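Here's the letter readout for the chains.
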Amino acid sequence: QSKVRPFNPDSEKFSDSSFLYDTPGALYRDQLLNLLTTEELLRTIPREIITPRTFTLRPDQSLFLAGLGRMDVVHARTNVWLTVFASKYLPINIVYTEQARRFYEMYCGTDILAVPIGGYERLQTWPKFLPREFTIKGQGWEKSSADIVLSSAGWISITADKDSECVVRAFTPEGRGIFLRNPPILPFAVNLRGKRIPD
């Protein structure tokens, strides 16, 4: 007796479709989750709806997403807006790029970066940050141009002046899971930002 197939993937109805295969529990080389302890996982994996957080960075400034990721604005004609989609338990810190390495070394393992958590022994096993660089063409201030995915930590949408090019450099431990997503998944989320907080 032959099995009845619920649909024929070769039929005209499905010929232009795409399929997603969900593999829960599978570990991949590019994810950060298998580097984390249980306590770190509780801070990293969102437990509530993610609220996008938008920050204005000038060239030569860097944004840290906890101790899991870093985004440098290497070159831009004007400021760039970075909209962060990640757990609210992962703090955001902004520093000048020239101070970024020292900041990370000083605060990695503390509450200021939140993840990773632990003392000297834990940090000895924590991998070094490795970068990937991207050039992104701005689409204007009402629409993000692209997402930079930071593995299991979240993603950062880049918004820049129309037709201007900006260069960003993203870091994660061992350079894991850094991808450019173009077009961005939520291009208009940048419009959900509140009023700018002075200073």
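In this numbering scheme, every chain counts its residues from 1 along its sequence in written order. Selection of residues for local features in this predicted model requires a pLDDT of at least 70, selection of side-chain atom pairs for listing and counting requires 80 or more, and totals for whole chains, interfaces and linings are taken over all residues. Hydrogens are left out, water is left out, and the side-chain values use all remaining heavy atoms of the structure.

A few words on the overall build of the protein. For the protein, the helix and strand inventory stands at three helices and ten strands. Along the protein, helices (α) and strands (β) appear in the sequence α-β-β-β-β-β-α-α-β-β-β-β-β when read from the amino end. Taking the principal axes of the C-alpha coordinates as reference, the protein spans close to 70 × 45 × 30 Å. Long-range pairs, those at least 24 residues apart, make up 72% of the contacts in the protein with a sequence separation of at least 6. Surface exposure here means Shrake-Rupley accessible area, sampled with a 1.4 Å probe, where a residue is shielded only by the protein chains that are shown. Carbon and sulfur atoms make up 53% of the accessible area of the protein, which amounts to about 12300 Å² in all. Charge assignment in this entry is limited to Lys and Arg as positive and Asp and Glu as negative, and neither His nor the chain termini are counted. All charge positions are set by atom: Lys at NZ, Arg at CZ, Asp at CG, Glu at CD. Charge-centre separation for the protein: the mean point of 25 positive side chains lies 2 Å from the mean point of 22 negative side chains. Helix and strand assignments come from DSSP, with helices taken as H or I runs of at least 4 residues and strands as E runs of at least 2, each series counted from the N terminus. By definition in these notes, contact holds between two residues if any of their heavy atoms fall within 4.5 Å.

Another aspect to go through is the packing of aromatic side chains. Pairing of aromatic rings covers Phe, Tyr and the six-membered ring of Trp, with a centre-to-centre limit of 6.5 Å; geometry is then stacked below 30 degrees between planes, edge-to-face above 60, and tilted otherwise. Counted by the stated rule, this structure contains seven aromatic pairs. Their ring planes at 50° and their centres at 4.7 Å tell us that W81 and W141 sit as a pair that is tilted. Of the two residues, W81 is situated in strand β4 (residues 80-85) and W141 in the loop between β6 (129-137) and β7 (146-150); the sequence distance between them amounts to 60 residues. Classification of residues uses two cut-offs on accessible area relative to the type maximum, computed with a 1.4 Å probe and protein chains only: under 20% is buried, over 50% is exposed, and between them is partly exposed. Using a relative accessible area of 16% as the deciding quantity, one classes W81 as buried.

Once that is clear, we can look at the nonpolar core. Looking at soluble globular proteins, one finds that nonpolar side chains tend to be buried together. In this structure, I148 and I158 are the most contacted members of the largest nonpolar core, which totals 42 residues. The element best represented in this core is strand β9 (residues 165-173), accounting for four residues. Contacts of I158, omitting those with residues within four sequence positions, involve M71, V80, W81, L82, I136, S144, S145, A146, I148, C166 and V168. Residues enter a nonpolar core if they are buried and are Ala, Val, Leu, Ile, Met, Phe, Trp, Tyr or Cys, with the set joined through side-chain atoms within 4.5 Å.

Read these as spatial facts, not as claims about activity.
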